[in-house]
Structures are given as structure tokens and as C-alpha cells.
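What follows is each chain in one-letter form.
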Amino acid sequence: MKSYSNKTPYLFIGPAITLLMLFSLLPIFVALIISFTDIDLAGIADWSNISFIGLENYKEIFKDPIFLKSIGNTLFYVVFGVPFVIICSLGIALLINFGQARIFKAFRLVFYMPSITNVVAVAVVWAYLYNPQFGLFNYLLSFFNVPAVPWLQDPTMAKVSLIALALWRAIGVNMIIFLAALQGIPKTYYEAAQLDGASNWKQLTNITLPLLRYAIFFVSITTMIGWLQFFEEPFVMTKGGPLDSTTSVALFIYRNGFQLSNFGYAAAGSFILFIAIIIITMIQFRLQKKDTDF
Amino acid sequence: MKTNASNKALTNAKKSYNTQQWIAGIILALGGLLVSIPFIWMILSSFKPESEILQFPPTLWPEEFTLEHFTYLFENMNFGVYLKNTIIVVLCSFGGLFLNAMAGYAFAKYKFKGKDKLFYLVLATMMIPGQVTMIPVYLILNQMGLTNTMAGIVLPGLVGAFSIFLFRQFMSTIPDELLEAARLDGASEFRVFMQVILPISRPILAVQGILTFIAGWNSFLWPLIIANDESLYTLSVGLSLLKGQYGGNFALQMAGSTFMVVPIIIIFMLFQKHIIEGYTISGMK
């Protein structure tokens, strides 16, 4: 028996659904349409200034040296960032899970803390740490007779420095996901293995890692999508410099959209990023399927 | 004799476990120290006078404590205004949380036409990257005349698919009999939601509430894009402005950062149990 009117459910979902449609789904279509136009500030003011230019934006963007460079930088972030995040957060989760003393619960908090802090504040702090003259990092390195490192001044080093900062922020959430997965593994597996005299290393490679496969897969996909959208750290810390060596695709889109007001051009860039994300995710799902088949 | 030998093996295993636990603990302690350095350095530097910051070699503990940078933030920069705006954003996002809870409830407990399709649509929005919607949302807000207004800053992030999903998951476990009983007592649908559902959903509300607070406090992108006027800036936008204007004044920058980060750390410490266990509630396995 139904005791409520037919309208009730729609009243409950109405506000949330409307907002989601307006700010998540509709924008996809708007982005696709404007990516075929030359809309800019004049176009916003008066729609008659907008003209349809077909694939021109897409053709041009692949000739844009800064866009090509930003693709290269983003790939650099993905290739080095994803494995580092997985290894560090998994390693820390394993160590924390290993301990039974109470202090190990406190370690969870310490490693989780960076991930809840404000990215701007954190980038400001790290920019100070990285400062070549007054920064703490170079001072600490000077104890070991390491010459001053140009953390944010050298094109390659700047990318590495940004990865270090993002890694620091990414460990927390992923560590918690791994910890939750580790706690889901039945203790009896380990007891059986210990009776057979399996070493810790054997237990890790033969029980823990295979059973964590789903968690590792989940973390690697979300981390990779995160790196593909890498934006705030380079935006606040380096503004994409030196010489655009830290400009990510997301930062390129932002800059073209909101600083140069080439909305159509930026929308084309964002669509390319979107498609890249979809393709990479699909490839990963394929690989994962193959992996579980045997 | 035999039990003696196995006892010995057991104590040996325990001993070796203890050594290994110590090693794990020491590695984690060193790693934890490394991870905490930015926080420690930020807080200590924010109390150092300008001259001490530029000193070489740097001091760890401030030789002279000063609050001048914090007062400077409020007296010479508009941090009071930024703080007010940030609090408004946080309050509005709690309104958004309420809308998410309502939608989650309807998806969990009502039968209606198009329910499954709508729910998949909600889930699909989770996969859309922010960079794709960034420009169109700006154009849509511009068309609605909401650029450079508080409404424009708040609206794009007000509701979230993931939050709706979590509410739905939690509320599906509430028994229907409870709702029927309240209805038989003559309670309206909205009252059932307010007085039966929400109190039961306290655990999920706690997790979501804390995460909403953190997200609102940290909100950066939409205030940055939408606000042209300094009177609408949030703390994070103000801080990035400060970095641009006072590039060389590290003590002031650290004071601004401390002011943003420390409240979040305190909230986190108070509610950490909810946050970390929230991941288990949300069924991330």
C-alpha cells in the first residue's frame, strides 16, 4: 500500500536533481557546442558575435606548442605520480596495519592530515620551504654538503617538486582505503601460512597483495584521473612556469578560458582531456579484466 | 616436553614480532616527522618577526614570539571579510548537504517513475571532470546574471552525486516499518523525514557534515572564477592574492596559511574518529 502522493518523491529529489542537471550535465553539452565556436568576451556580451567555426579550435589546439607541452607535462605527472602515490600509501598502510601497539592508530592521523588541508595554504608553505635562499629544504641539505637545489627554477626539477607536494597530500586518503581493505582480509589466511612456515615476505606477496588487487586497481584509477586533472598546485605555486614546464592540461584550459577569455578554444581543450580520461580509464578496466581471468 | 618446545617457539615468534613492530614503528615515526615538517615550520615561522625569518642559519624555535603578522592580516588586509565570506560558503554548503540528504532519502525509500534512470544519471555526473564543466558553468552563471555574487560562488558545488549516493546507501538500511508507524500517527512526509529519518542517520550526517565543512572552508576554484570583487573573496582566494602581493614576506604568508590550516586541524582532531571510520561506513572495501 502506498500512503504518500505521487508528487512527494519528486519534491524530495527536485532541488538536488535540478542543480545537478544545471551544473553537471547541461555543461557537457554546452562545452561540446561552444568548442565548435569562437566564443569570447564579445561573444558573451552579444550572441550575434559568435560564429560557428567547425573543427577549427581542435585543429589549432594541436598546433599550439604550449598545449603540446602541457600534454607532455601531464604525462610526466601521471607516469611518475601514480606509482609513487600507490607505493607510498600502500607501504605506509602495510606498516600501520602490521603494528598492534596503540601508537599505530596515531600514525594514521599524522599521515592523513595533509590531505584535509587547504591546497592554497599548503602551496604557500611549500613555496617557502622550496625557496632557494631562505627555504628549509636547501638549508637541511647543506648539512650533507649538497649544493642548493633549484627546486622550482629548473624545468624538470620544478615538475618533481610539484609531484612531491601532491604526493604528500595524496597519501592520506589512499592509505585509509588500503587500510580498510587490509582489515577485510581474514586473519585465518595468515595463521595458516604461518603454520606452513611462510616468511613475512611470502605472506605479503602471496596473500596480501593478491587480495588487495581490487583496492590497488581502485586507487590507481582515481589517482590517475586526479593527476590528469592536476591543477591547483601548479596554479598557486609556479603559475605554470618556468617556461611553461609545469603547465598541466587543466591549467592550460583555465588560462585560456579565464585569463585570455578564449572560451571556445578552452572548451575544445577540455573535451580532449575528457576523452583522454575516458579512454585511459577504459584501457585500465580492460587490463584489470584480463588480469582476473586467469 | 612437547608443550615446552612449542611454548618456546611461541615466545620466540613473539619476540621477533616485537622487534619487527619496533622497526615498523621507527620507520613510521621518521616518515611521520617528515610529513609533519611543513606544518611545524609553518606554525613556528608565523610567530617569528620578519628579521628572524631572513636570518641565516634559520632558527627552529622563534627567538622572539610576535603576533604582528596575524594582526596585520586583519588590520591591513581584508582577512575579516574573507573569513566572513568563507563562513557564508560553509553555511550554504550545509544547506546543500540537506538537499543531498533529501534526494538520498527519496532514492532509498520511495518508489516512483524513472527512479532507476534518474539515479544512474546522478551517478554518471560523478565521472565528469571539473575542467570540462568549468567554462560552461561560468557561461551559464553569467547568463543567469550570477557572476560576482555569493549565489554564483555557492551554487555550482552545492549538491554532489557522491554525497547523494552515500545517503541513499545508508538510508536504505532503515526499516520501512518505522516510516509506516510514523505515517499512521499522521505525520506528513516531510515530518517523517525530519523527525524519523534524520535522527537515525546521525552517523552518516556526522561524516558528511565534517567533510562538507572542510570542503567549504577550503573552497577555492569557484570563488576564484566568480568573484571579481575583493569583498566576495574567500580565505583561500585572499591567501593566493597575498602570495602575489607580499611575495617576499614569508612570515606574513605563513601567518595567513596558519590561520587557514589550524582550524581545520583542530576540527579534524576533534572528529577524526568519524572521518576515518566514515570510509568504512561508506562501504569502501
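Reading guide: rules and limits
- Residues numbered from 1 in each chain as written.
- Chains lettered and ligands numbered in written order.
- Predicted model: local features only at pLDDT ≥ 70, side-chain atom pairs only at ≥ 80, totals over all residues.
- UniProt positions renumbered as here; feature names shortened; annotations may be inferred.
- Contact = placed C-beta atoms within 7 Å.
- Helix = DSSP H or I, 4+ residues; strand = E, 2+ residues; numbered from the N terminus.
- Nonpolar A, V, L, I, M, F, W, Y, C, P; charged D, E, K, R; others polar.
- Domains from an automatic or database assignment.

If you look chain B up in an unreviewed UniProt entry, it shows as Sugar ABC transporter permease from Fictibacillus aquaticus. In its Sequence similarities (unreviewed entry) section, the UniProt record describing chain B reads: "Belongs to the binding-protein-dependent transport system permease family." Under the UniProt heading Subcellular location (unreviewed entry), the entry covering chain B gives this text: "Cell membrane".

Labelled according to an unreviewed UniProt entry, chain A appears under the name Sugar ABC transporter permease, originating from Fictibacillus aquaticus. For the record of chain A, the UniProt heading Subcellular location (unreviewed entry) holds the text "Cell membrane". According to UniProt, the comment filed for chain A under the heading Sequence similarities (unreviewed entry) is "Belongs to the binding-protein-dependent transport system permease family."

Draft legend 1. Main features of the interface of chain B and chain A. With 72 residues of chain B in contact, the opposing surface of chain A contributes 73 residues. Broken down by secondary-structure element, the contributors of at least two residues to the side of chain B that touches chain A are helix 1 (2–46), helix 4 (79–109), helix 5 (115–124), helix 6 (130–143), helix 8 (161–171), helix 11 (202–218), helix 13 (235–245) and helix 14 (250–281) of chain B. Across the side of chain B that touches chain A, the residue classes break down as 50 nonpolar, 18 polar and four charged.

Draft legend 2. Representation of the UniProt feature "domain: ABC transmembrane type-1" (unreviewed entry) in chain B within the structure. UniProt's feature table lists "domain: ABC transmembrane type-1" (unreviewed entry) at residues 82–271 of chain B, given in the numbering used throughout. Between the first and last C-alpha atoms of residues 82–271 of chain B the distance is 25 Å; the span itself is 76% helix and 0% strand.

Draft legend 3. Structural view of the domain arrangement of chain B. All names here are of chain B. For chain B, the assigned domains are domain 1 (2–46) and domain 2 (68–281). For domain 1 and domain 2, the distance between their C-alpha centroids amounts to 38 Å. At the interface, four residues of domain 1 touch eight residues of domain 2.

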